[in-house]
Number of protein chains: 2
Amino acid sequence: MNKVKCTIQYDGANFSGFQIQPRGRTIQGEIERALKKMHKGSYVRIHPSGRTDKGVHAVGQVIHFETPLHLDVHGWKQALNSMLPKDIHVKEITYAKSTFHCRYDAIEKEYRYIVDRSKEPNVFRQNYVFHFPYELHIDAIEEACLLLQGKHDFTSFSSAKDTSKGSKVRTLYEVSCREDAEELTFSFRGDGYLYNMVRIMVGTLLDIGQGRRDAADIKDLFAQKDRTLASATAPAQGLYLWGVTYPKDTI
Amino acid sequence: MNKVKCTIQYDGANFSGFQIQPRGRTIQGEIERALKKMHKGSYVRIHPSGRTDKGVHAVGQVIHFETPLHLDVHGWKQALNSMLPKDIHVKEITYAKSTFHCRYDAIEKEYRYIVDRSKEPNVFRQNYVFHFPYELHIDAIEEACLLLQGKHDFTSFSSAKDTSKGSKVRTLYEVSCREDAEELTFSFRGDGYLYNMVRIMVGTLLDIGQGRRDAADIKDLFAQKDRTLASATAPAQGLYLWGVTYPKDTI
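Conventions adopted
- Residues numbered from 1 in each chain as written.
- Chains lettered and ligands numbered in written order.
- Predicted model: local features only at pLDDT ≥ 70, side-chain atom pairs only at ≥ 80, totals over all residues.
- Heavy atoms only, no water.
- Helix = DSSP H or I, 4+ residues; strand = E, 2+ residues; numbered from the N terminus.
- Rg over C-alpha atoms; globule rule 2.2 N^0.38 Å.
- Buried < 20%, exposed > 50% of the residue type's maximum accessible area, 1.4 Å probe, protein only.
- Contact = heavy atoms within 4.5 Å.
- Areas by Shrake-Rupley, 256 points an atom, 1.4 Å probe, with all protein chains shown as cover.
- Lys, Arg positive; Asp, Glu negative; His and termini not counted.
- Charge placed at Lys NZ, Arg CZ, Asp CG, Glu CD.
- Buried area = accessible area lost by both parts, 1.4 Å probe.
- Salt bridge = Lys/Arg side-chain N within 4 Å of Asp/Glu carboxyl O.
- Polar contact = N/O pair within 3.5 Å; in protein donor to acceptor, adjacent residues only side chain to side chain.
- Nonpolar A, V, L, I, M, F, W, Y, C, P; charged D, E, K, R; others polar.
- Pairing = 2+ DSSP bridges.
- Axes fitted to C-alpha atoms, helices over the stretch in contact; angles between N-to-C directions.
- Parallel < 35°, antiparallel > 145°, perpendicular 65-115°, else oblique.
- Left-handed = near helix turned anticlockwise from the far one by under 90°.
- Least-squares fit on C-alpha atoms with pLDDT ≥ 70 in both.
- Expected span 1.5 Å × (residues − 1).
- pLDDT = per-residue confidence, 0-100.
- Domains from an automatic or database assignment.

A few words now on the overall build of chain A. The secondary structure content of chain A amounts to five helices and ten strands. Expected size for 251 residues packed as a compact globule is a radius of gyration near 18 Å; at 19 Å, chain A falls within 12% of this value. Along the first, second and third principal axes, the C-alpha atoms of chain A reach 60 × 40 × 35 Å. Here chain A, with 251 residues, has 57% of them falling under the buried criterion. If you take every contact in chain A between residues at least 6 apart in sequence, the share linking residues at least 24 apart comes to 70%. For chain A, the exposed area adds up to about 11,900 Å²; of that, 48% sits on carbon and sulfur atoms. One finds the centroid of the 35 positive side-chain charges in chain A at a distance of 9 Å from the centroid of its 31 negative side-chain charges.

See the structure below:
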């Protein structure tokens, strides 16, 4: 069997999320359907670097799967793209070591979150940004971004639905925000994320930007370990899984 | 009764076109539904400057309707936007003369068509551009654009489904194409358009750009008056009704 690593993009707008479900169109469902066709009806299970929720997009999601097929990487890419719907696109395919696992081997993941600050909503961007036409103090947001960086217990920034039983300690290597015309883009680079963690951080950063709470709250929230004390979860449509990094020797 | 003129934007991706139909979500259906709510259940018919097809977008479509209501223009805009789905947005509302008709009074309409020339399709733009990753001779396209300008019989550039019985003569005031990074945007400003006329012109311009036919064909096509001699109709998702112009004294 060959282990295949696949970097994909998807527009999350018309999906019920990554993970296959009894009802609703899912990214996993569409990719596994395409692979089944390529494997003459045999089921091929795919594994993502992490699931994404309904409405969340990916610019550089990574998946892996095992296959008996021996296509060259160009052939793989063409065959898969020709069988996938237009809102999923395979960017790159490579063969990986048999031990490679795209979830356990990931050393860094980047998420971005795009906020549209223009006064009026843009109908063409409604599924791709969070429209938030309110005044923001960018200095306060930048201060809070720096406080989020580093190794912390992110319990306050994880959904009550997070059922992972392990440690809630994660390390964010870099948290930044960048203004470009009327868009504000947050970038988070870290070793891992709890459920809804990015969206809760963004909700909290926007509250800080509006002056509804202080940047220094971030420190308190790390200590309090209580989801109810952080701000509301920002909506899904602004969120992008931007990229996943692996050590060179695992691929 | 008051005559209301309304400039709207819509993302055509999830509509079966402008005109109301027994099945399928339409722009007219959604706006009339919102107006019906505002009028306590009374039906209010809207009239567009022209229909748009399934998948076609609008940046500046204009509609009008009659109403007994006397809201100020800000109130109208807020009320309507609060009742419309997110893929339709009212940009501007004004009261117009009782004789105003947004179709018959229009003196100019602009359409744009966006072609994405990047090698790989962008999943986030699939509903908003025509992905066409082939080499193009822009000089030939520009030459053909100039030949399209002016007053001509556009029979060769209108769908066989065009059932209008009047003249097929239209005047294009300006036809241009602009390159910006990997996007090529065509702009058409004219006094009116036949059914599918912009999309057939774009299909023909792209054939000319690929060297599959000569720019001089445009002149022949005007003379031949035969749809089958022009090129294929370019797909709907790249097309935008960009704006409609009225003489000042009609509004």
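Here we take up the interface of chain B and chain A. Each partner contributes residues to the interface: chain B has 21 residues there, and chain A has 21 residues. Of the roughly 1,700 Å² buried at the junction of chain B and chain A (both faces included), carbon and sulfur atoms supply 54%. Looking at the side of chain B facing chain A, the largest losses of area belong to B:V123, B:F124 and B:Q126, adding up to 37% of the total buried there. Seen at the junction of chain B and chain A, the total is two salt bridges. With its nearest N and O atoms 2.6 Å apart, the salt bridge here joins A:E120 to B:K77. Taken together, chain B and chain A are joined by four residue pairs in polar contact (both at pLDDT 80 or more). Tallying contributions element by element places strand 4 (residues 88-96) of chain B first for the side of chain B that touches chain A, with four residues. Split into classes, the residues belonging to the side of chain B that touches chain A amount to ten nonpolar, five polar and six charged.

For the rest of this paragraph, the subject is the pairing of strand 9 (residues 183-190) of chain B. Residue and element names in this part refer to chain B. Counting buried positions along strand 9 gives six out of eight residues, so the element sits mostly inside the fold. Where strand 5 (residues 108-116) lies against strand 9, eight bridges are found, and the strand directions are antiparallel. Its bridge partner being in strand 9, E110 is matched across the sheet by R189. With eight bridges joining them, strand 8 (residues 169-180) and strand 9 adopt antiparallel strand pairing. Looking at the pairing, V175 lines up with F188 of strand 9.

A separate point is the packing of helix 1 (residues 27-38) of chain A against helix 2 (residues 73-83) of chain A. Residue and element names in this part refer to chain A. At a minimum axis separation of 9 Å, helix 1 and helix 2 run at an interaxial angle of 120°. Between helix 1 and helix 2, the angle falls in the class oblique. Remark: the crossing between helix 1 and helix 2 carries right-handed chirality. Across the interface between the two elements, A34, L35, K37 and M38 of helix 1 pack against W76, A79, L80 and M83 of helix 2. In the contact of helix 1 with helix 2, the residues fall into seven nonpolar, no polar and one charged.

All names here are of chain B. According to the stated counting rule, one finds 26 salt bridges over all chains in the structure shown. A salt bridge links D53 to R199, with the nearest nitrogen and oxygen atoms 3.7 Å apart. Pair noted here: D53 is in the loop between strand 2 (47-48) and strand 3 (57-67) and R199 is in helix 4 (residues 197-209), with a separation of 146 residues, a long-range link. Its salt-bridge partner being R125, residue E183 comes within 2.9 Å of it at the nearest N-O pair. Of this pair, E183 sits in strand 9 while R125 sits in the loop between strand 5 and strand 6 (130-131), and the two are 58 residues apart along the sequence.

Each of the two chain copies can be brought onto the other by rotation about an axis and movement along it. Least-squares fitting of chain B to chain A yields an RMSD of 0.0 Å, with the transformation described by 0.0 Å of translation along the axis and a rotation of 180°. This pairing of chains is accounted for by a two-fold axis. Comparing contact sets, 100% of the residues at the interface of chain B also lie at the interface in chain A, consistent with an isologous, same-surface contact.

Residue and element names in this part refer to chain B. The terminal C-alpha atoms of helix 4 lie 18 Å apart, and with 13 residues this matches the ideal 18 Å at 1.5 Å per residue to within 8%. Burial within helix 4 is extensive, with 13 of its 13 residues counted as buried. Two residues or fewer after helix 4 comes G211, characterised by a positive phi angle close to 80°.

In this model, chain A carries a mean pLDDT of 96, and residues with pLDDT of at least 70 account for 100%. Scored by ipTM, the complex comes to 0.90, with pTM at 0.92.

Residue and element names in this part refer to chain A. In terms of domain boundaries, chain A breaks down into domain 1 (2-104) and domain 2 (108-245). One C-alpha centre belongs to domain 1, the other to domain 2, and the line joining them spans 27 Å. Taken together, the contacts link 16 residues of domain 1 with 15 residues of domain 2. For the pair domain 1 and domain 2, the summed buried area comes to about 1,100 Å², and 56% of that belongs to carbon and sulfur atoms. Ranking the residues of domain 1 by area buried against domain 2 places D53, H57 and V59 at the top, with a combined share of 43%. The residue makeup of the side of domain 1 that touches domain 2, split by class, is five nonpolar, seven polar and four charged.

Two quantities define a packed helix pair, namely the angle between the helix axes and the distance between the axes. Residue and element names in this part refer to chain B. Put simply, helix 3 (residues 138-148) and helix 4 touch, their axes get as near as 8 Å, and they point 145° apart. The handedness of the crossing between helix 3 and helix 4 comes out as right-handed. Of the residues in helix 4, those in contact with A140, I141, A144, C145 and L148 of helix 3 are M201, L205, I208 and G209. Within the contact of helix 3 with helix 4, the residues separate by chemical class into eight nonpolar, one polar and no charged.

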